[in-house]
Amino acid sequence: MTDPLARVGDHLKVCSQGYTCCSQEMEEKYSQQSKHDFRNAVVELSNHLQTMFSSRYKKFDEFFKELLENAEKSLNDMFVRTYGRLYMQNSELFKDLFVELKRYYVGGNVNLEEMLNDFWARLLERMFRLVNPQYHFTDEYLECVSKYTEQLKPFGDVPRKLKLQVTRAFVAARTFAQGLAVARDVVSKVSAVNPTPQGTRALLKMMYCPHCRGLVSVKPCYNYCFNVMRGCLANQGDLDAEWNIFMDSMLLVAERLEGPFNIESVMDPIDVKISDAIMNMQENSVQVSQKVFQGCGQPKTLAQGRTARSVSDSGFTARFRPYHPEERPTTAAGTSLDRLVTDVKEKLKQAKKFWSSLPGNICNDEKMSVGTVNENECWNGSAKSRYDFAVTGNGLASQVNNPEVEVDITKPDMVIRRQIMALRVMTNKLKNAYSGNDVDFIDISEESSGEESGSGCELQQCSPEFEFNATEVTGNSNKSDKNVNTSAATRSGLSQAALLLSILFLAVQRQWR
């Protein structure tokens, strides 16, 4: 039976020219509603992903920063117990070390290798005076001493090992955190879709033209929806290949964080490692001093009385205690790097193929299509019947044969092209970090600015978690044992006492530089 309100639809621009219930004004409202529904569908799925990256970035960033704070506090506490007021009066050298490590992590222009070399050279200058209290050393002489750091290895193999461990761990940690932030921002920009006029026509025809025919309860056929979404999200589909490579690179660096580049296993016992180096210097002080004297010349001897008074006035007793892991302060939120990495690896695997899966995931929503059942009882664009066209491929180039959406494949979306380039740049940095090579810092604040920028969620509240249907990649990573060198904490009391008695002389004779 024909609707008494129906009339010939020659006044409509998109919907059927046959009998219709819609006016031109209603068609325009439906057009705007179809764009709104489409944007909401994209944002709803994308916000899950964006929220995941945003929350994981925040967790990693908090963890790394608090780990550095705790490592500095642990070193300070141990050295205060061991050296007392002499350390407190001369702690700038170690404070500067942590200042530079923190500055590197937050994006400062710090060359880790040079910074660590400078730390050991400065420490050698000070230690050299401690183990040779009977001599007077000028600044020029101490500069000569520092030149022998690499040649003499006064601190044993600790500086070389620590430099390698710190550099790799910090590069991996900083780059991984940056990768999470870049992923968050890419999702934010790419998910802010704005359909073309041709896309809007296709969306209207699919979603609301059946209403004008009185078929309000009839939903679009699944493959019909798929073609419309593939056409409207053609540029997003082109992001998928680079996105998947980026996710794989993030997973590789995540495995490094679990194993040889674990920043937690490097920073947690750094106080013990530096103490071990100091003990090495004390034990090898005679040989080191002789070689320095040969290279830099024989220094002037101080008056015996002055040296004796410096030592006898100390009244200082060594109280160095061994390292106990259970005494370490708890890191951010009481978690560990292993737990954080295990969690984020699963999310990274789920995030693969997100963009190529997006059209299908939208059409899987019962509000958008009838699904893969009732293929003969769905809206095919012109009637309630089966949809016979094949589904087009993913990406811009494949849309040349899309039967539902007219797509100009010669005009790619420049916002998305820029995000593809951003992913390539970040992927290259991740590969360098995986190999242990330092990489330039990306200023997140600058990267986030511009078109469709920001980490906030669009149109609706952020969802707490992220799940969607896509092929997951599985893989196992072997965790490396994290050994902590605690030999420094168990050295003999005699060598410690000899060193500590020498410290007072420096405090009296010279301010630390």
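Relevant structure appears above.
The following paragraphs examine the structure supplied in this document. (Residues numbered from 1 in each chain as written. Predicted model: local features only at pLDDT ≥ 70, side-chain atom pairs only at ≥ 80, totals over all residues. Heavy atoms only, no water.)

Re helix H3 (residues 92-105)
The first and last C-alpha atoms of H3 sit 20 Å apart over 14 residues, in line with the 20 Å expected at 1.5 Å per residue. Every buried residue of H3 is listed here: Leu-93, Phe-94, Leu-97, Phe-98, Leu-101, Tyr-104 and Tyr-105. Along H3, the residues classed as buried sweep out an arc of 140 degrees about the axis, all on the same side. Within two residues after H3, Gly-107 carries a phi angle of roughly 110 degrees, on the positive side. (Helix = DSSP H or I, 4+ residues; strand = E, 2+ residues; numbered from the N terminus. Expected span 1.5 Å × (residues − 1). Buried < 20%, exposed > 50% of the residue type's maximum accessible area, 1.4 Å probe, protein only. Arc of directions from axis to C-beta.)

Focus: the packing of helix H4 (residues 112-131) against helix H14 (residues 270-283)
In the contact formed by H4 and H14, the axes pass within 11 Å of each other and the chain directions differ by 45 degrees. Between H4 and H14, the angle falls in the class oblique. Both H4 and H14 take part in a crossing whose hand is right-handed. Here Phe-119, Trp-120, Leu-123, Leu-124, Met-127, Phe-128 and Val-131 of H4 lie close against H14, whose contacting residues are Ile-274, Ala-277, Ile-278, Met-281 and Gln-282. Within the contact of H4 with H14, the residues separate by chemical class into 11 nonpolar, one polar and no charged. (Axes fitted to C-alpha atoms, helices over the stretch in contact; angles between N-to-C directions. Parallel < 35°, antiparallel > 145°, perpendicular 65-115°, else oblique. Left-handed = near helix turned anticlockwise from the far one by under 90°. Contact = heavy atoms within 4.5 Å. Nonpolar A, V, L, I, M, F, W, Y, C, P; charged D, E, K, R; others polar.)

Details of the layout of surface pockets
Volume-wise, the largest pocket comes out at about 580 Å³. Along the wall of the largest pocket there are 31 residues; nearest its centre are Asn-194, Pro-195, Thr-196, Cys-232 and Asp-413. Of all the elements in the fold, those that place two or more residues in the lining of the largest pocket are helix H1 (24-83), helix H7 (158-190), helix H8 (197-207), helix H10 (222-232), helix H11 (234-238) and helix H19 (414-434). In terms of residue class, the lining of the largest pocket is made up of 15 nonpolar, eight polar and eight charged. (1 Å grid on protein atoms, 1.4 Å probe; cavity = no way out; pocket = protein on both sides within 12 Å on 5 of 7 lines; lining within 4 Å. Points joined across faces, edges and corners; volume = space filled by probe spheres on them.)

Things to note about unusual backbone geometry
Notably, Lys-153 is not glycine yet its phi reads approximately 50 degrees, a positive angle. Here Lys-153 shows up in the loop between helix H6 (149-152) and H7. Backbone geometry places Lys-353, a non-glycine residue, at a positive phi of 60 degrees. By secondary structure assignment, the location of Lys-353 is in the loop between helix H17 (337-351) and helix H18 (354-363). With a relative accessible area of 34%, Lys-353 lands in the partly exposed category.

Some points on the environment of Asp-240
Its place among the elements puts Asp-240 in helix H12 (residues 240-258). Take Asp-240: its relative accessible area is 8%, and that puts it in the buried class. Note: C-alpha distance between Asp-240 and Ser-357 (117 residues apart in sequence) is 9.1 Å. Not counting chain neighbours up to four residues away, the residues in contact with Asp-240 comprise Lys-353, Phe-354, Trp-355, Ser-356 and Asn-394.

Regarding the nonpolar core
Nonpolar side chains in soluble globular proteins tend to end up buried together. In terms of nonpolar packing, the biggest core is built from 133 residues, with Trp-243 and Met-267 touching the most fellow members. Take this core: its biggest share by element is 18 residues, from H1. For Trp-243, the residues in contact, after removing those within four places along its chain, are Leu-49, Phe-53, Ala-183, Val-186, Val-187, Ala-351, Lys-352, Lys-353, Phe-354, Trp-355 and Leu-423. (Core = buried A, V, L, I, M, F, W, Y, C linked by side-chain atoms within 4.5 Å.)

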